[in-house]
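A closer look at the structure
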Amino acid sequence: MNRQNILGITLAMACSGISALAQAQTVDTKTTPDIYQTLYLTNLTQQNDAIELVNDLRNMLPNAKLYYVPSQSAFSIRASAEEMALAQKILTDLDKTKKIYRLTYTMTERDGSKTIGVQHFSIIVASGSRTDFKQGSRVPIGVGSRSSASSNLDVQYLDVGQEIDASLDGYLDGVRLRTKVVQSSIAEDKSGVGTQDPVIRQTTLEGTSTLVQGKPLVLGSLDIPGSTRHQEVEVVSELVR
């Protein structure tokens, strides 16, 4: 066999190899048809929680087409079989019933070392949620112009008394609590703006604490405006379910 024939055979084999490799790559890169499915939420009912879950799914499944339908608490997904299986696993892991806690605040009023009175306030808060508690009076305040000849006043109401704002996140056997306690009262002296306008005295305690279930924690102390007394604020958390 001459040199020219050998060269032709070699070129033919090379071209055949390249063609086979191209066909193999075509088969490998060929994707299977996408499938469509609707997945429903059963426990996450808050819209913010659902949006966070949508973002998580989109980050984990960048090639999938994902739509959230708030009115149905459902996700419409078009993805490959592998991505769909991963979406179902993510949904199973994250769509869980939230833990519910009872927070009991104890307000102990003292004058020096003498205990004047004790009050207890209990509120229910879900993990990742917020609860606002108010107890007291609504004080009317005139807003507008007042003169000896005429009076053009609108009445607005101001909440006075005890207010507790609490939000928490549960973990293991404890919770991280963000709380705001406000104590307000009407002072005996009057405002210089109007003869009928009251002066509102207010003290606020705000912060973040870590609570262990069933163990009371003193959050701080509030001075009661216009007096020598103070109010000690204590809280304890209990897992309801």
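Everything discussed here concerns the structure shown above.
Every value quoted in this text rests on a predicted model; they were computed, and no experiment measured them.

Parameters at a glance
- Residues numbered from 1 in each chain as written.
- Predicted model: local features only at pLDDT ≥ 70, side-chain atom pairs only at ≥ 80, totals over all residues.
- Heavy atoms only, no water.
- Phe/Tyr/Trp six-rings, centres within 6.5 Å; stacked < 30°, edge-to-face > 60°.
- Buried < 20%, exposed > 50% of the residue type's maximum accessible area, 1.4 Å probe, protein only.
- Helix = DSSP H or I, 4+ residues; strand = E, 2+ residues; numbered from the N terminus.
- Expected span 1.5 Å × (residues − 1).
- Arc of directions from axis to C-beta.
- Contact = heavy atoms within 4.5 Å.
- Polar contact = N/O pair within 3.5 Å; in protein donor to acceptor, adjacent residues only side chain to side chain.
- Pairing = 2+ DSSP bridges.
- Axes fitted to C-alpha atoms, helices over the stretch in contact; angles between N-to-C directions.

Turning next to the packing of aromatic side chains. Scanning the entire structure with this criterion turns up two aromatic pairs. Between Y68 and F75, the ring centres sit 5.2 Å apart and the planes meet at 35 degrees, which makes this aromatic pair tilted. Using a relative accessible area of 21% as the deciding quantity, one classes Y68 as partly exposed. A relative accessible area of 0% means that F75 is categorised as buried. Centroid distance F121 to F133: 5.3 Å. Interplanar angle 50 degrees. Geometry classified as tilted.

This next bit is on helix α3 (residues 81-94). Taking 1.5 Å as the rise per residue, α3 with 14 residues should run 20 Å; its terminal C-alpha atoms sit 20 Å apart, in good agreement. Of the residues making up α3, those classed as buried are E83, M84, A87, I90 and L91. Down the axis of α3, the buried side of the element spans an arc of 120 degrees, and every buried residue falls inside it. Opposite the buried face of α3, at more than 90 degrees from it, the exposed residues are E82, K89 and T92.

Mapped onto the fold, S184 is located in strand β8 (residues 174-190). In this structure, the C-alpha to C-alpha distance between S184 and I224, residues 40 residues apart in sequence, is 8.4 Å. Sequence-distant contacts of S184, that is, excluding residues within four places in its chain, are made with D159, V160, G161, I200, R201 and Q202. Engagement of the side chain of S184 in a polar contact is seen with the backbone nitrogen of G161, the distance being 2.9 Å.

Another point: the sheet that holds strand β11 (residues 230-239). Strands sit in the order β5-β4-β11-β10 across an open sheet of four strands; the sheet is antiparallel. Each of the sheet's edge strands pairs with one partner strand only, and the pair in question is β5 (114-126) and β10 (217-223). Strand-to-strand, the axes of this sheet are offset by a mean angle of 20 degrees, without reference to chain direction. Of the pairings in the sheet, the one linking strand β4 (residues 100-111) to β11 comprises 10 bridges and is antiparallel in character. Pairing of T104 across the sheet is with V236, part of β11.

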